Amino acid sequence: MPATATAAVGARGFGVYVHVPFCASRCGYCDFNTYTAAELGGGASREGYADTVLAELKLAARVLGDTPPPRVDTVFVGGGTPTLLPADDLARILDGIDRTWGLAADAEVTTEANPESVTPESLKLLRAAGYTRISLGMQSASPGVLAILDRKHSAGRATAAALEARDAGFEHVNLDLIYGTPGERAEDFAASLEQVVAAGVDHVSAYALIVEDGTRLAARMRRGELAYPSDDVAADRYLAAEAALDAAGLSWYEVSNWARTEEARCRHNLLYWTGADWWGLGPGAHSHVGGVRWWNVKHPSAYAQRLAAGASPGLAREVLTVDEAHMEDVMLRLRLASGLPLAVLDATGRAGAERALAGGLLAADEYAAGRAVLTVRGRLLADAVVRDLLP
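Not measured: the values here are computed from a predicted model.

Trainee: Would you mind showing me how to read helix H5 (residues 120-129) here?
Mentor: One turn of the α-helix equals 3.6 residues, which is why residues spaced by three or four share an orientation. Among the residues of H5, those classed as buried are Ser122, Leu123 and Leu126. Taken around the axis of H5, the buried residues stretch over an arc of 100°, which confines them to a single face. Facing away from the buried side of H5, by more than 90 degrees, are the exposed residues Glu121, Lys124 and Ala128. Considering only its buried residues, H5 is in contact with helix H4 (87-101), strand E3 (103-113), strand E4 (133-139) and helix H7 (157-168). Positive phi shows up at Gly130, right after H5, with a value of about 115°.

Trainee: Explain the nonpolar core here, please?
Mentor: In summary, soluble globular proteins display a tendency toward joint burial of nonpolar side chains. Ranked by size, the top nonpolar core spans 89 residues in total, and within it Val16, Trp101, Leu136, Phe170, Leu175, Trp279 and Leu334 carry the most contacts. At eight residues, helix H3 (residues 49-64) tops the list of elements feeding residues into this core. Residue contacts for Trp101: discarding those within four places in its chain leaves Phe14, Val16, Leu57, Ala60, Ala61, Leu64, Pro68, Pro69, Arg71, Val72 and Trp279. Formed by eleven residues, the second largest nonpolar core is a distinct cluster that contains Cys30, Val145, Ile178 and Leu209.

Trainee: Help me understand the environment of Ala247 in this model?
Mentor: Tracing the backbone through its elements, the reader meets Ala247 in helix H10 (residues 231-247). Accessibility expressed as a relative area gives 68% for Ala247, which makes it exposed. Remark: the alpha-carbon pair of Ala247 and Val197, spanning 50 residues in sequence, is separated by 9.7 Å.

Trainee: It is not clear to me how the domain arrangement of the protein chain should be interpreted in this structure. Could you clarify?
Mentor: Interface size is commonly expressed as the accessible area that is lost once the parts come together. As far as domains go, the protein chain holds domain 1 (9-274) and domain 2 (323-389). If you average the C-alpha positions of domain 1 and of domain 2, the two centres end up 28 Å apart. Taken together, the 14 residues of domain 1 in the interface contact nine residues of domain 2. If you sort the residues of domain 1 by the area they bury against domain 2, Trp252, Val255 and Trp273 come out on top, with a joint share of 47%. A salt bridge links Arg335 to Glu254, with the nearest nitrogen and oxygen atoms 2.8 Å apart. In this assembly, domain 1 and domain 2 are joined by five residue pairs in polar contact (both at pLDDT 80 or more). Going through the elements one at a time, H10, strand E7 (251-254) and helix H11 (267-273) are the ones with two or more residues in the side of domain 1 that touches domain 2.

Calculation rules
In this convention, every chain numbers its residues from 1, walking through the sequence in written order. Side-chain atom pairs in this predicted model are given and counted only at pLDDT of 80 or more, local residue features only at pLDDT of at least 70, and totals for whole chains, interfaces and linings cover all residues. With hydrogens and water excluded, all non-hydrogen atoms of the structure serve as input to the side-chain values. Summary of the burial criterion: residues with accessible area below 20% of their type's maximum are buried, those above 50% are exposed, and those between are partly exposed, where the area comes from a 1.4 Å probe applied to protein chains only. Strands are runs of DSSP state E lasting at least 2 residues, helices are runs of H or I lasting at least 4, and numbering of each runs from the N terminus. The arc in question is the one spanned by the directions pointing from the helix axis to the C-beta atoms. Residue contacts are counted whenever heavy atoms from the two residues lie within 4.5 Å of one another. Here, the term nonpolar core denotes a set of buried Ala, Val, Leu, Ile, Met, Phe, Trp, Tyr and Cys residues that are joined through side-chain atoms within 4.5 Å. For the domains described, the bounds stem from an automatic or database domain assignment. Here's the idea: put two parts together, see how much 1.4 Å probe accessible area each one loses, and the total over both is what we call buried area. For this analysis, a salt bridge means a side-chain nitrogen from Lys or Arg found within 4 Å of a carboxyl oxygen belonging to Asp or Glu. Any pair of nitrogen or oxygen atoms within 3.5 Å is treated as a polar contact; in protein, a donor-acceptor pairing is required on top of that, and neighbouring residues in sequence qualify only through side-chain atoms on both sides.

This is the structure:
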């Protein structure tokens, strides 16, 4: 790591991401770096995974050396399905992070989970280990939509798991939704939103279905078995989510995320969106420290083999240029409800902001105060607005 990158590590916040690449089965829409038991082959297993992650953590501590972060503000364990690992292993990983760099007293510690992979007992163990937040993949309340997405849980299991997490003492509970799946009706999505609100969660994420090349879902669409998602339908679903969640007291703070209070916002994701530092542990995990970004080898076997040999699992890295850093800053911060200062834009960007304001894509009161903040219509066209604000 260049000294310029580590000189002020953690000054804008420091997080740790842990990637757990295991899944019981592969969902038809998923192109994440995940593997079922049949796909893993030799050299990697769930049983030894916590030890492998802890080995990378030791390497990370050596790399940062005399310039460690002042504290770890957030930890996010994602996947895959992290809760396929025993709760004891997830506890050991968290304890290792604490021993290495020290968790802040108010650290946010999140794990993702599929609803069928947790029980009231496992949730209590995770909470006792220090996990404060859980993000459950609900996707839909419609059995038909879940079947098209190849989800294995029943339609009511996600909201039941959310209630169990609350009973286990989790401070914050998120439910993830996907909208725009072929065959999904407006009433199906309305029912999903009703169940989310009834579950009383304090955070909701809702994403339009993206069809990724190489997935089963993409193959079915190419064969004509399923229709491709409609942009107009996706826009209607987004507006329905905004209306229902806002009425229930959840406010948007990022284009695809709503929270009941400021404390319920996902602080780990906010680190990403505001250009802070984080170290990613696990196969395929990405890291960012002081403008240097790198990523690990993707396959769990290659990842484990490198660490067993005492080598870095890093595959490649890049040092962001000033222009690249500016582009990412505009792209990410514009998606936030806090927006970005107009002063960071060049003449081309300010002209683009004026056009966006005239088109009703930026909030007039915020613009008058010197900030670019998306309106609801602007959120629907966020990518186009970003392009207009860049050189």
